[in-house]
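# What the coordinates show
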Amino acid sequence: MSVNGVASVQVSLEKGLAAVKLKPGNVITLKQLQDAITKNGFTMKQSHLVAAGKVVRAGGTAKFQISGSNETLILMAESPILARFDRP
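Note that this is a predicted model, so its numbers are computed, not measured.

Here we come to the sheet that holds strand S5 (residues 72–74). Taken together, the 3 strands give an open sheet; going across it, the order is S3-S4-S5, and neighbouring strands pair in antiparallel fashion. Of all strands in the sheet, those bounded by a partner on one side alone are strand S3 (53–58) and S5. Mean inter-strand twist for the sheet, computed between neighbouring axes without regard to direction, equals 35 degrees. Where S3 meets strand S4 (residues 61–66), 6 bridges bridge the pair, whose relative direction is antiparallel. Looking at the pairing, valine 55 lines up with phenylalanine 64 of S4.

What follows covers the layout of surface pockets. The calculated volume of the largest pocket comes to roughly 1,200 Å³. Mapped by element, the contributors of at least two residues to the lining of the largest pocket are strand S1 (6–12), strand S2 (17–22) and helix H1 (30–39). Broken down by element, the lining of the largest pocket gets its largest block of residues, 5 residues, from S2. Taken together, the residues of the lining of the largest pocket break down into 24 nonpolar, 13 polar and 2 charged. Of the voids in this model, the second largest pocket is the one considered here, and its volume is about 530 Å³. Every residue lining the second largest pocket is counted, 13 residues in all, and those nearest its centre are Ser47, His48, Leu49, Leu73 and Ile74. When grouped by side-chain class, the residues that make up the lining of the second largest pocket number 9 nonpolar, 3 polar and 1 charged.

Thresholds, definitions, all that
- Residues numbered from 1 in each chain as written.
- Predicted model: local features only at pLDDT ≥ 70, side-chain atom pairs only at ≥ 80, totals over all residues.
- Heavy atoms only, no water.
- Pairing = 2+ DSSP bridges.
- Helix = DSSP H or I, 4+ residues; strand = E, 2+ residues; numbered from the N terminus.
- Axes fitted to C-alpha atoms, helices over the stretch in contact; angles between N-to-C directions.
- 1 Å grid on protein atoms, 1.4 Å probe; cavity = no way out; pocket = protein on both sides within 12 Å on 5 of 7 lines; lining within 4 Å.
- Points joined across faces, edges and corners; volume = space filled by probe spheres on them.
- Nonpolar A, V, L, I, M, F, W, Y, C, P; charged D, E, K, R; others polar.

Given below as structure tokens:
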């Protein structure tokens, strides 16, 4: 199944990972990608996204509005990063 706006897909069944590269100017949504992945017999889990857009406030919640599709994603703080410092 092809999805309009997808430039390439690299899949590693061994690692259980897929890298999807989108064409510049695409307007595909994460929901459309998830639906395509599900229709091909896989489950979309945690994702990392690189996108252009802007941060907007809606109902007191910070959201990221993706340019082109205007899809909005809720922004969440990552869990704190723990650092270990050894004394000399």
